[in-house]
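# Results of the structural survey
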Amino acid sequence: MNSVMTLSIVAILYLCAVGYLGFRGYKATQTTADYLVAGRKAHPVVMALSYGATFISTSAIVGFGGAAAVFGMGVLWLTVLNIFVGIFIAFVVFGKRTRRMGVHLQAHTFPELLGRRFNSRFIQASCGLIILIFMPLYASAVLIGIARYIESTFTVDFAVAVTVSSIVVAAYVIAGGLKGVMYTDALQGGIMFVGMIVLIFYTYAQLGGVVDAHKKLDAVPELAASQWEAVFPEVRAAAPEDVADDALLGWFAGIAEELKKTATMDDTQKAAFFESLASAKAVGAILKAHPELANQLVVAKLSKGGFQGWTRMPKKGSPMLYTLITSIIMGVGLGVLAQPQLAVRFMTVKSDQELHRAVLVGSVFILSMTGVAFTAGALSNAWFVMPEHGGKVAVASVPGGNIDSIIPAFINGALPKWFGLLFMLTLLSAAMSTLSSQFHTMGTAIGRDFFEKGLLGTKGGGGTVLITRLGIVLGLVATVVLCFVLPEGIIAAATAIFFGLCAAAFLPAYMGALFWKGMTKAGAIASVCAGFFFGFFWIMFIQMPKATLPALLSNYLLGKPTLLPEPIFGIHWNWVEALFVALPLSAVVAVVVSLMTKREPDEHLALCFGGIGRKAEK
Amino acid sequence: MLGIPDFWIWLAYVLCIASTLLSVGYGLINWNKGGEADLSGDTAKWAEEEDKISEEL
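Residues numbered from 1 in each chain as written. Chains lettered and ligands numbered in written order. Predicted model: local features only at pLDDT ≥ 70, side-chain atom pairs only at ≥ 80, totals over all residues. Heavy atoms only, no water.

## Details of the environment of A:K560
We count it as follows: For the purposes of this entry, the term helix denotes a DSSP run of H or I that reaches at least four residues, the term strand denotes a run of E that reaches at least two, and both are numbered from the N terminus. Residues count as neighbours in contact if any of their non-hydrogen atoms are within 4.5 Å of one another.
By the secondary structure assignment, A:K560 is in the loop between α25 (552-558) and α26 (578-596). The contact partners of A:K560, leaving out residues within four places of it in the chain, are A:S554 and A:N555.

Right under this line is the structure:
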């Protein structure tokens, strides 16, 4: 009860602080019109922190940080893309043109930008619908991120943690968090920055400095092997004679896996279990006496997927390498370019100067977010494996091996208590700033894009406002429901699916809209449809998330984990992220159909690109 | 190599810092460039509509 009280007090204080400072910031900037027209300026730090706080969520810190504890430091390639693609390319290449075209076309949402550029209500409505339906998946990944931290820090039930987080989110939304006040986001970004800098400082300090920490992490698989060697004679004695020495680890791991099932059994079931599996008792006793054997079991299990250590890339052609590169690194690394809630940020920028300056601040911010989270996530193994910290690698140190719980467990175990609360504020900030922009995008997607402009094709009245609000409430409910329905350890996979789907459906049309006058309305429609439907089909019938979970509809409707179980041309397509196949298809369709159809009228192109060609290159 | 034995991991670690430095350098070089107001009178109309959407939410 005490922990719930502390949690509530911290959450309320945080909301008050954010609310108060947000209100002050709001009063200071007043309106977008004041800012853009009346000569007010937004500080580049504010703009960059605001963008960064929207970009980086609990999903990146808790979900992908946890993934780094399993995949190792190879996840840092995502940070390289986060900085180079998510900041540099996004601001310098996409940002400048998006800003100008958005104002020329009087577009206020991402679907509206595409819809007006291609003169198509269908595009605006369909993009709005895709966002409305799939954004809750990403929002739930963000909400699970904060809930897992609350669950671990205050030892409350996950259901309680989700409920508390949802109430905080709802309170924030009702209190006006959707207004997208840059200063509120920037404040949250500032809290996140401090929290993550402290985290990396402590992590390296606890492990003896940068080089020593990496060396200790590199030595963990070797340590696990030596621990196994030390207990080998005991295991040999407990195993049936027909199990060969080199098959002993596999045999031991198999029974250890079976033993996990006893956690949910009653006494009668347990008795029957131990009677049917003769060696289970002996294996259980060995595991109890030598909990450190969990390390070798984890290494052996991961090695089957291609794992070679936390400081090494997975084996060539292994499922782990496929997942790491196509899903975790590329899916999110490239998908960021077509994120609707991020693209609109460029439209509220006054001049290219702010974008230039924001590149500087944004890159440092992102390095301190994902760079820190992924490094700390991988290094947590070297900390957890110390005897005084339990002696087991990260994934074996959290309940149920849930990777989403690794970062929370690491923070609570390795860092001072005061930091636990600071980090909760860091995560609350990361969650709030991203969730508010997600619900803002969902609201405008249903009200403005789908209903008002798409269906009615006119300016709506009060009805649109009502539908927008209804859309936000439905989005919130769907997000909370998904938190309970989705399996454990899903944050990174759910985020990658949303980012990948957005890239497949929107990126070629978005790029064509900004950079190619020859892209036609038919080309854009065909590209969005091909990217979305093929990407969706791939996710539902082919792609096995994390290379182990079954593809949802294939499993449900056909009873098969995937429609493509065997490699074709030497490629395991079932391990490949949808983005990898749907994005090229969507791009090819965009080009081919555009070349075959009539170019948009010159007057319209002049309106869209008015001055862009000249000024953007300056 | 910073205690990292795998070249590809080392490269990722170094590129994280290098891409940040590239962005910082770009920001510094262009710090005062592109500051001129280059948008037409449409901006006022756009900003007004943006505020309306914000208020409705």
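## Section: the interface of chain B and chain A
Convention followed: In this description, buried area is defined as the sum, over both parts, of the accessible area (probe of 1.4 Å) that is lost when the two are combined. By salt bridge we mean one thing: a side-chain nitrogen of Lys or Arg within 4 Å of a carboxyl oxygen of Asp or Glu. Counted as a polar contact is a pair of N or O atoms within 3.5 Å, where, for protein atoms, one must be capable of donating a hydrogen and the other of accepting one, and residues adjacent in sequence contribute only when both atoms are in side chains. Each residue gets one of three labels, nonpolar for Ala, Val, Leu, Ile, Met, Phe, Trp, Tyr, Cys and Pro, charged for Asp, Glu, Lys and Arg, and polar for the others, Gly among them.
Chain B puts 44 residues into the contact, and the matching count from chain A is 60 residues. Each partner contributes to the roughly 4,700 Å² buried at the junction of chain B and chain A, and carbon and sulfur atoms together form 66% of this total. Our count for the chain B to chain A interface comes out at 0 salt bridges. Scanning the region where chain B abuts chain A turns up 11 residue pairs in polar contact (both at pLDDT 80 or more). For the side of chain B that touches chain A, the secondary structure elements donating two or more residues are α1 (7-29) and α2 (42-56) of chain B. Per element, the largest residue contribution to the side of chain B that touches chain A is 15 residues, and it comes from α1(B). Broken down by class, the residue content of the side of chain B that touches chain A amounts to 21 nonpolar, 11 polar and 12 charged.

## Side note on the nonpolar core
Residue and element names in this part refer to chain A. Let me state the cut-off plainly: Joining through side-chain atoms within 4.5 Å is the link that ties buried Ala, Val, Leu, Ile, Met, Phe, Trp, Tyr and Cys residues into a set, and such a set is a nonpolar core. Think of it in three bands: with a 1.4 Å probe and only protein chains considered, a residue is buried below 20% of the maximum accessible area for its type, exposed above 50%, and partly exposed in between.
Within the largest apolar cluster, 190 residues are counted, with the highest numbers of intra-cluster contacts made by I56, F91, L199, F423, F506 and Y510. Counting residues per element, this core draws most heavily on helix α23 (residues 491-515), which supplies 18 residues. When residues no more than four places from it in sequence are discounted, the contact partners of F91 are M47, Y51, G86, K96, F346, L355, A358 and V359.

## Description of the packing of α23(A) against α26(A)
To characterise two packed helices, one gives the angle between the axes of the helices and the distance between these axes. All names here are of chain A. The test is simple: Here, axes are lines fitted to C-alpha atoms. For helices the fit covers the stretch in contact, and angles between N-to-C directions go from 0 to 180 degrees. Convention used here: angles under 35 degrees read as roughly parallel, angles over 145 as roughly antiparallel, angles from 65 to 115 as roughly perpendicular, and any remaining angle as oblique.
Where α23 contacts α26, the two axes come as close as 8 Å, and the packing angle between them is 10°. When the axis of α23 is compared with that of α26, the two are roughly parallel. Facing α23, whose interface residues are G500, A503, A504, L507 and P508, α26 presents L579, A582, L583, S586, A587 and A590. Looking at the contact of α23 with α26 residue by residue, the class counts come to 9 nonpolar, 2 polar and no charged.

## A look at the side chain of A:S368
Residues and elements named next belong to chain A. In this structure, S368 sits in helix α18 (residues 352-384). Residue class for S368 comes out buried when judged on its relative accessible area of 5%. In this structure the side chain of S368 is engaged in a polar contact, spanning 2.6 Å, whose partner is the backbone oxygen of F365. With sequence-adjacent residues up to four places away left out, S368 is seen in contact with F193, M196 and I197.

## Details of the packing of aromatic side chains
All names here are of chain A. Definition in use: Pairing of aromatic rings covers Phe, Tyr and Trp, the last counted by its six-membered ring, and requires centre-to-centre distances within 6.5 Å; plane angles under 30 degrees mean stacked, over 60 mean edge-to-face, and any other angle means tilted. Remark: a charge is flagged as sitting over a ring if the NZ atom of Lys or the CZ atom of Arg is within 6 Å of the ring centre and within 35 degrees of the ring normal.
For the structure shown, the criterion picks out 34 aromatic pairs over all chains. With 5.4 Å between their ring centres and 45° between their planes, F94 and Y510 make a pair best called tilted. Residue F94 is found in helix α5 (residues 76-104), and its partner Y510 is found in helix α23; the two are separated by 416 residues along the sequence. You can call F94 buried: its relative accessible area is 4%. Of the residues examined, Y510 reaches a relative accessible area of 0% and is grouped as buried. With a centroid separation of 5.8 Å and 80° between ring planes, the pair formed by W383 and F410 is classed as edge-to-face. Separated by 27 residues along the polypeptide, W383 in helix α18 and F410 in helix α20 (residues 406-414) bring together distant segments of the chain. The pair W383 / F410 is uniform in exposure class, with both members buried. Members of the aromatic cluster, connected to one another through ring pairs, are Y149, F201, Y202, W418, F419 and F423. In this arrangement the basic side chain of R148 is found over the ring face of F158, its NZ or CZ atom lying 3.8 Å from the centre.

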